Amino acid sequence: MRILFLAALAFPFAAAAEPRVIAVTLGGMIHPITAEIVDRTIDKAQREGASAVLIRLNTPGGLLDATRQIDQQLLKSAVPVITYVTPSGGRAASAGFFILQAGDVAAMAPGTNTGAASPVLMGQQMDPVMRSKVENDSAAAIRSMMTNRGRNAAVGETTVREAKSFTEREALDQKLVDLIAKDEHDLVSKLNGREITRFDGTKVRLNLAAAQIVEYEPSLRERAITAIADPNVAFILLIAGALGLYVEFSSPGFIFPGVAGGIALLLGLSALSVLPLNWAGVALLVLAIALFVLEAKVASHGILGIGGTVAMVMGAILLVEAPPAFRIHLSTALATAVPFAAITMFLVSLVIRARRNKIVTGQEGMIAEIGVAQTPLSPRGTVFVHGEYWDAESNLPVASGACVRVVSMDGLILKVEPYGS
């Protein structure tokens, strides 16, 4: 009985000692919010005494500054880091290859690939000197990481200089990664008991027997920014927000377009704030909005509207300074700018048409209205005009019940004349 009691007391401590692996998935574009998520994942692992951090990779690449920041976080992590390209069909290309190599253990799932880490500047052709500088810097960074990790730095450098890519089997044969694992449980099983050498040279034996994989839960802000950080989504939100505000200012009182537009505009600006912007693109977008506003005030016969559409498309294409895969697509720019221009031009036509219509309110709206004399006008009396009774004055005698036409107003007194005179 006493033994059972002691065993019951010891059970919670045994459960608490169960190895834990804190895992996070890096998918899509690598950007500053990705670096923030990695930093918080490592911090959580350190606070909870986890045995390792698992970084799942499935990315086509991303921004160089954010990638360097993530590499630094992984290299200085007090908790061993496992980088794992998964699922089958996934990849760790470009920036993903750098992050893969920053892990204490680099692994890949069957059917994945990695490499193609040649730097691309702003999606444009770099001049030879600049390209040489960027390539040499990136090549030195990859050599440093791979040499300290005991991997094949010479072959790894070809991913930068020659944009080479490798399947999981080729990467293992070339000693670019440490193992192939079909899934996370297979990965943990193969790593249990393995001795690894950390980046600072210290040796650590991984204790991952029956390890519990705990998912890092991004904050609401991180989830929201990650969801809209795609430049195409951010641009659509930005233009939708601008359109909503334009509709509200053009036709005050709807309220909903203004509220929804304001929210969309702020979300778009928040998403773009984590991306490197080209100020020429920003200037073109501002010019486009200005041209659309001027279209409502200047009779340009659509020239300003067409110019605004062209400026918006060009501004969208130039807005983000990143490789082509991470810039706003031409199709997105056209699909957003053309409807925006069409709706704006339609609203402008309504405003112009309203200005040309006869005024039906105020003093101006009373001029030329036809009414009926309720009393004889000689010269003053009462008339019924526009559904209302008015005091009226006529220079010519008007009999009761005769029709009159308003010619002017003097305060609250109508100047009328017999209708047909």
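Going by the structure above, here's the rest.
Residues numbered from 1 in each chain as written. Predicted model: local features only at pLDDT ≥ 70, side-chain atom pairs only at ≥ 80, totals over all residues. Heavy atoms only, no water.

### Focus on the side chain of Asp71
Its location among the elements puts Asp71 in helix H3 (residues 64–76). Despite being buried, Asp71 has no salt bridge partner; Arg68 is the closest side chain of opposite charge, sitting 5.3 Å away. If we ignore the near neighbours within four places in the chain, the residues touching Asp71 are Phe98, Ile99, Ala102 and Met145. (Helix = DSSP H or I, 4+ residues; strand = E, 2+ residues; numbered from the N terminus. Buried < 20%, exposed > 50% of the residue type's maximum accessible area, 1.4 Å probe, protein only. Lys, Arg positive; Asp, Glu negative; His and termini not counted. Salt bridge = Lys/Arg side-chain N within 4 Å of Asp/Glu carboxyl O. Contact = heavy atoms within 4.5 Å.)

### With respect to a nonpolar patch on the surface
A grouping of Ile255, Val259, Ile263 and Leu267 is seen on the molecular surface, where their side chains present a nonpolar patch of about 370 Å² in accessible area. Tracing the sequence through the fold places Ile255 in the loop between helix H10 (231–250) and helix H11 (256–272). Ile255 sits in the exposed class, given a relative accessible area of 57%. (Patch = residues over 30% accessible without salt bridge, like charges linked within 9 Å, V, L, I, M, F, W, Y side chains within 5 Å. Areas by Shrake-Rupley, 256 points an atom, 1.4 Å probe, with all protein chains shown as cover.)

### Regarding the packing of H3 against helix H4 (residues 95–102)
Taken N-terminus to C-terminus, the directions of H3 and H4 make an angle of 10°; their axes are 9 Å apart at the nearest point. The orientation of H3 with respect to H4, classified from their angle, is roughly parallel. Between H3, through Thr67, Ile70, Asp71, Leu74 and Leu75, and H4, the contact on the second element is made entirely by Ala95, Phe98, Ile99 and Ala102. Here the contact of H3 with H4 is built from residues that sort into 7 nonpolar, 1 polar and 1 charged. (Axes fitted to C-alpha atoms, helices over the stretch in contact; angles between N-to-C directions. Parallel < 35°, antiparallel > 145°, perpendicular 65-115°, else oblique. Nonpolar A, V, L, I, M, F, W, Y, C, P; charged D, E, K, R; others polar.)

### Examining the packing of aromatic side chains
According to the stated counting rule, one finds 2 aromatic pairs in the structure shown. Relative to Phe340, the ring of Phe292 lies with its centre 5.1 Å away and its plane at 65°, an arrangement referred to as edge-to-face. Taken together, the positions of Phe292 in helix H12 (residues 279–295) and Phe340 in helix H14 (residues 330–356) put the pair 48 residues apart, joining distant regions of the chain. (Phe/Tyr/Trp six-rings, centres within 6.5 Å; stacked < 30°, edge-to-face > 60°.)

### Focus: the nonpolar core
Counting residues in hydrophobic clusters, the biggest one holds 80 residues, and the most contacted among them are Ile55, Leu74, Phe235 and Met312. The residues touching Ile55, leaving out its near neighbours within four places in the chain, are Val24, Leu26, Leu74, Val81, Ile82, Thr83 and Tyr84. By size, the runner-up hydrophobic cluster in this structure holds 18 residues, among which are Val21, Tyr84, Ala181 and Leu191. (Core = buried A, V, L, I, M, F, W, Y, C linked by side-chain atoms within 4.5 Å.)

### Here we look at the environment of Phe97
Inspection of the secondary structure puts Phe97 in helix H4. The class of Phe97 is buried, set by a relative accessible area of 0%. In sequence terms Phe97 and Asn113 are 16 residues apart; their C-alpha atoms lie 9.5 Å from each other.

### Things to note about the sheet that holds strand S12 (residues 370–373)
Spatially, S12-S13-S14-S16-S15 is the arrangement adopted by the 5 strands of the closed barrel, whose pairing is mixed. On average, each strand axis in the sheet is tilted by 55° relative to the strand beside it, whichever way the strands run. (Pairing = 2+ DSSP bridges.)

### Digging into the pairing of strand S16 (residues 413–418)
Where strand S14 (residues 388–394) and S16 come together, 4 bridges link them in parallel fashion. In the strand pairing of S16, Asp391 is matched with Ile413. Relative to S16, strand S15 (residues 403–410) runs antiparallel, the two being bridged by 6 bridges. What sits directly across from Arg405, in S16, is Glu417.

### Notes on the pairing of S14
The pairing of strand S13 (residues 380–385) with S14 spans 6 bridges and is antiparallel. Bridge assignment links Gly381 to a residue of S14, and that residue is Ala392. Adjacent in sequence and paired antiparallel, S13 and S14 are bridged by 2 residues, among which His386 carries a positive phi angle near 55°.

### Re the pattern of salt bridges
Counted according to the given criterion, the structure contains 20 salt bridges. A salt bridge links Glu222 to Arg40, with the nearest nitrogen and oxygen atoms 3.2 Å apart. Of this pair, Glu222 sits in helix H9 (residues 220–228) while Arg40 sits in helix H2 (residues 32–47), placing them 182 residues apart in sequence. Under the relative-accessibility criterion, Arg40 is labelled partly exposed at 39%.

### Some remarks on H4
By the criterion of burial, H4 is predominantly enclosed, with 8 of the 8 residues buried. Inspection of H4 places Ala95, Gly96, Phe97, Phe98, Ile99, Leu100, Gln101 and Ala102 among the buried residues, and these make up the whole buried set.

### Points about unusual backbone geometry
In this model, Thr86 is joined to Pro87 through a cis peptide bond whose omega is 0°. The residue Pro87 is located in the loop between strand S3 (81–85) and strand S4 (91–93) in this model. The omega angle of the peptide bond from Ser378 to Pro379 is 0°, so this bond is cis rather than trans. Within the fold, Pro379 resides in the loop between S12 and S13. Although it is not a glycine, Ala116 adopts a positive phi angle of roughly 50°. The residue Ala116 is located in the loop between strand S6 (113–115) and helix H5 (128–148) in this model. According to the relative accessible area criterion, Ala116 is partly exposed, its value standing at 28%.

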